[in-house]
Amino acid sequence: MVKKLVGIAAVAVGCSSFVYADETVQHHQLGEMVVTATLSETPVEKIPAAIEIIDRSDIEEMGAQTLHQVLTEAQGVNLEPASGRMSTVRLRGLSSSKTLVMIDGMRLPTGFQDKVDLGEIPAGLIERIEIVRGSASALYGSDAIGGVVNVITRKPTSETSAWLNAQYGESRHGEAENTAFDAGVSGSSGALGYVIAGSFVDKGRFDFDTADQQTDGDDKEVTAGAATLTWEIDEGSELAVGVTYADVEREGLRPKRKKENDWLNTSERLTGRIEFKKALTESSSMLFRAYRSEYDWDVSLTPTDGSEPELHDVEQTTDQFEGRWVGSLFGSHKLTAGIEYRTEERTEDGVESDIDNLGLFLQDEVSVTDRLNAILGLRFDDHSGFGSVYSPRLGAAYQLNDYLRVRGSYGEGFRAPSAFELYSGSPYTIRRILIPNPDLDPETSRTWEVGADLDYSALRVNVTLFRNHIDDMIAEVFTGRYQGSKPKIPINEMQNIAEAMTQGLELTVRLDLGYGLSLAEELTMLKGENRTTGEKLLYVPDVSNVLKLAYNEPSVGFSGNVRVVTVGSQYTGVETEAEAYSIVNVYASKSLTDNVRLYTGVDNLFDKEVDGGYGNVYGAGSSGTFVYGGLSLNL
């Protein structure tokens, strides 16, 4: 397979965040500072939470081109497919609506069917991905019942630097051609810092069954960028402005009413922000931030017989204003206090709706003793449609000795029904009609977790047991009615279905084998149940596992890895169960100089066919064995 690398150099503008409250997390390393779980820099051993970072080197060693592809190998993360060939994130078995997705600490507006499509965020702009598993409503309010996925884009650097990455690949079947470029420059001059980054991904379609009137994978083009400018006004004071932009276009074939249709979907996301950070004393600081994020989505179904097309569109705008103060009290308390005001406006096929929310939160990180640390948090939200709610959190971590600590936490959360669930619904999709319900109640949750972390010599082990209990869970319920007759399309309604539960175990083992070799194991065992009916929750695999054997020897400039990604069986419908699967991915990289690196990889080495219910949209799980290679320059 020999193909010439082609593409378009794309440099657009976008955001990254310099803020004191860049929410961050990491594969556990004692002594490392993290931020997302507490909104302030805190050593990881003092945080009673399950946290993970996927950094830039991890992303490069996957050959990933989108956030969706990166998260297929994250612990406790499952991907759920959605209409429109979207891929959405689930944490600990809870639906995507209960996982808050952010870029640089800013909420992303949702698009079609109230989803954030991971495939619209290119990996080339990402510096790292920070994941907090477990209830985070005490800090982030609605939508964070299951946890937070925060995408951190590239930041200004003290020295001028530039990078360029070019990659080409295709499946062994000669389809799904993929050309990708990302490039950028970063640096500082006096009091000014800057970063500009751009990314372009062009993914070709593939179709294994040409008789079913739909392409198995569509043509997809993503053009995106990020830019930030910082100004150090004086010592301890900094102002930043930034913007992110992404434009996505997808084309394919879809059947509807027994007709073949040309399907065209476009989306555009634009986020702009301004931030001010001020150090008040050696132990206190404040942050002010305002941002607007706009998202436009539209789709057209044009019958190939020349009849009238079907058109639909969604527009959503989020404005947020926030202030935050962090400071110490009596030497052993670190307090974080904040206020947020957010408005959301949504229009879907002419149906307009809007909500606003005021949030206040207070958190105390307490050093009880040298070995015992606790976190107490409380958030108050006043929602325009559902009144007031409190979200508390309590956690503690105790260092038993130099190698072992134990931790535990309890949190309560809520999720207000979205404008999509309340007012617009989805009256036009191919497989079902979805009716909104203006009488929905908010979901509430109670989350417990206990865990232990061992860091001894070359071995690190993290284990967590958790349980999520959801009251008034919002879900689609079949009404017993259909629309049309050829074919009959079921009509569902959004309803509160009383109680639901997910529980499980997460185990992470990392071992340094010496001689540049390392072994990592990330296992999650999961169970989800509708407590009212006794039925299993959909898209909750009973097990998921990533086993990684890696080699890295800087002295010879060579690195490589073999990754085995396993996902257990799960229900994708009341009586439909998707089979378990394992995919083997390999990667190798060779540095030619300090600035030039060649790499190659194979995803889905043994051409495993994966059920579409697993969210493997546009990935090797759906297109088969995928071979790629590329060149990376860092100047």
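The structure displayed is predicted, hence computed values, not measured ones.

**Section: the overall build of the chain**
In step 1: Of the regular secondary structure elements, the chain holds five helices and 36 strands.
In step 2: In terms of overall size, the chain behaves like a compact globule, its C-alpha atoms giving a radius of gyration of 24 Å where 635 residues would be expected to give roughly 26 Å.
In step 3: If you line up the chain on its principal axes, its C-alpha atoms span 75 × 60 × 45 Å.
In step 4: For the chain, buried positions account for 55% of its 635 residues.
In step 5: A sequence separation of at least 24 residues applies to 63% of the contacts in the chain between residues at least 6 apart.

**With respect to the sheet that holds strand β23 (residues 433-435)**
In step 1: Spatial ordering of the open sheet is given by β23-β27-β26, a layout of three strands whose pairing is mixed. Only two strands of the sheet have a single partner each, and these edge strands are β23 and β26 (474-483). Within this sheet the neighbouring strands show an average axis-to-axis angle of 30°, counted without direction.
In step 2: Here β26 runs beside strand β27 (residues 489-496); their pairing, made up of eight bridges, is antiparallel. Paired with Ala475 across the strands is Gln495, a residue of β27.

**Quick look at the confidence of the model for the chain**
In step 1: Taken as a whole, the chain shows an average pLDDT of 86; of its residues, 90% reach a score of 70 or greater.
In step 2: By mean pLDDT, strand β1 (residues 33-34) is the weakest element of the chain at 60, and strand β35 (residues 596-603) is the strongest at 96.
In step 3: Throughout residues 1-30 the model reports pLDDT below 50, and contacts reaching past four residues in sequence, or to other chains, amount to 147 contacts.

**Details of the environment of Val406**
In step 1: If you trace the backbone, Val406 turns up in strand β22 (residues 404-415).
In step 2: Val406 sits in the partly exposed class, given a relative accessible area of 32%.
In step 3: Remark: the alpha-carbon pair of Val406 and Arg510, spanning 104 residues in sequence, is separated by 18 Å.
In step 4: With residues near it in sequence (within four places) discarded, Val406 still touches Ala396, Ala397, Tyr398, Leu400, Gly451 and Ala452.

**Quick look at unusual backbone geometry**
In step 1: One non-glycine residue, Asp143, lies in the positive phi region at around 85°.
In step 2: Here Asp143 shows up in the loop between α3 (137-140) and β9 (147-153).

**Description of the nonpolar core**
In step 1: Ranked by internal contacts, the top residues of the largest apolar core, which has 24 residues, are Ile54, Leu67, Val70, Leu71, Val77, Ile129 and Ile131.
In step 2: Every element with two or more residues in this core is listed here: α2 (67-71), β4 (77-82), β5 (86-91), β6 (99-103), β8 (126-133) and β9.
In step 3: For Val77, the residues in contact, after removing those within four places along its chain, are Leu71, Val89, Arg90, Leu91 and Ile131.
In step 4: Grouped together as the second largest cluster of nonpolar side chains are 11 residues, Ile145, Ile470, Ala475 and Leu537 included.

**Considering the packing of aromatic side chains**
In step 1: Inspection of the entire model under this criterion finds seven aromatic pairs.
In step 2: Cation over ring: Arg92 sits above Phe466, and NZ or CZ is 4.3 Å from the ring centre.
In step 3: Above the plane of the ring of Trp163 lies Arg154, whose end atom (NZ or CZ) is 4.1 Å from the centre.

**What about the side chain of Thr508?**
In step 1: Residue placement: Thr508 occurs in strand β28 (residues 499-514).
In step 2: One polar contact links Thr508 to Gln75, side chain to side chain, over a distance of 2.5 Å.
In step 3: When residues no more than four places from it in sequence are discounted, the contact partners of Thr508 are Gln75, Arg460, Val461, Asn462, Glu521 and Glu522.

**Here we look at the sheet that holds β6**
In step 1: The strand order β3-β8-β9-β6-β7 describes an open sheet built from five strands, whose pairing is mixed. Pairing within the sheet leaves two strands with one partner each, and these edge strands are β3 (50-55) and β7 (106-107).
In step 2: Judged from the seven bridges that link them, β8 and β9 form a sheet pairing that is antiparallel. By the bridge assignment, Ile131 is partnered in β9 with Val149.

**Topic: the layout of surface pockets**
In step 1: Size it by volume and the second largest pocket reaches roughly 1,200 Å³.
In step 2: Lining the second largest pocket are 46 residues, and of these Ser57, Asp58, Glu61, Lys548 and Asn552 lie nearest its centre.
In step 3: Residues of the lining of the second largest pocket, tallied by class, amount to 14 nonpolar, 16 polar and 16 charged.

**A closer look at the environment of Pro81**
In step 1: Structurally, Pro81 can be placed in strand β4.
In step 2: Once the C-alpha coordinates of Pro81 and Tyr539 are considered, the two residues, 458 residues apart in sequence, prove to be 9.0 Å apart.

**Description of the pairing of strand β30 (residues 543-553)**
In step 1: The pairing of strand β29 (residues 517-530) with β30 spans nine bridges and is classified as antiparallel. Bridged to Glu521 within β30 is Leu547.
In step 2: Pairing analysis gives 10 bridges linking β30 to strand β31 (residues 558-567), with the strands arranged antiparallel. Residue pairing across strands places Asn552 opposite Ser559, the latter belonging to β31.
In step 3: Two successive antiparallel strands, β30 and β31, enclose a turn made up of four residues, where Gly557 displays a positive phi of approximately 70°.

**Remarks on the pattern of salt bridges**
In step 1: Taken as a whole and assessed by the stated rule, the structure comprises 39 salt bridges.
In step 2: Between Glu120 and Arg250 there is a salt bridge, with the nearest N and O atoms lying 3.7 Å from each other. Here Glu120 is found in the loop between β7 and β8, whereas its partner Arg250 is found in strand β14 (residues 237-256), with 130 residues between them in sequence. Like Glu120, the residue Arg250 is buried in the burial classification.
In step 3: The residue Glu348 makes a salt bridge to Arg346 at a minimum N-O spacing of 3.0 Å.
In step 4: Taking relative accessible area as the criterion, Arg346 reaches 3% and is therefore assigned buried.
In step 5: In the salt-bridge network here, residues are joined through shared partners; they are Glu52, Arg92, Arg133, Arg405, Arg407, Glu449, Asp453 and Glu506.

**Comments concerning a nonpolar patch on the surface**
In step 1: Side chains of Leu511, Leu513, Leu517, Leu519, Leu547, Leu549 and Val562 sit close together on the surface and give an oily, nonpolar patch of about 490 Å² of accessible area.
In step 2: Those elements giving two or more residues to the nonpolar patch turn out to be β28, β29 and β30.
In step 3: Secondary-structure assignment places Val562 in strand β31.

Conventions adopted
- Residues numbered from 1 in each chain as written.
- Predicted model: local features only at pLDDT ≥ 70, side-chain atom pairs only at ≥ 80, totals over all residues.
- Heavy atoms only, no water.
- Helix = DSSP H or I, 4+ residues; strand = E, 2+ residues; numbered from the N terminus.
- Rg over C-alpha atoms; globule rule 2.2 N^0.38 Å.
- Buried < 20%, exposed > 50% of the residue type's maximum accessible area, 1.4 Å probe, protein only.
- Contact = heavy atoms within 4.5 Å.
- Pairing = 2+ DSSP bridges.
- Axes fitted to C-alpha atoms, helices over the stretch in contact; angles between N-to-C directions.
- pLDDT = per-residue confidence, 0-100.
- Core = buried A, V, L, I, M, F, W, Y, C linked by side-chain atoms within 4.5 Å.
- Phe/Tyr/Trp six-rings, centres within 6.5 Å; stacked < 30°, edge-to-face > 60°.
- Lys NZ or Arg CZ within 6 Å of the ring centre and 35° of its normal.
- Polar contact = N/O pair within 3.5 Å; in protein donor to acceptor, adjacent residues only side chain to side chain.
- 1 Å grid on protein atoms, 1.4 Å probe; cavity = no way out; pocket = protein on both sides within 12 Å on 5 of 7 lines; lining within 4 Å.
- Points joined across faces, edges and corners; volume = space filled by probe spheres on them.
- Nonpolar A, V, L, I, M, F, W, Y, C, P; charged D, E, K, R; others polar.
- Salt bridge = Lys/Arg side-chain N within 4 Å of Asp/Glu carboxyl O.
- Patch = residues over 30% accessible without salt bridge, like charges linked within 9 Å, V, L, I, M, F, W, Y side chains within 5 Å.
- Areas by Shrake-Rupley, 256 points an atom, 1.4 Å probe, with all protein chains shown as cover.

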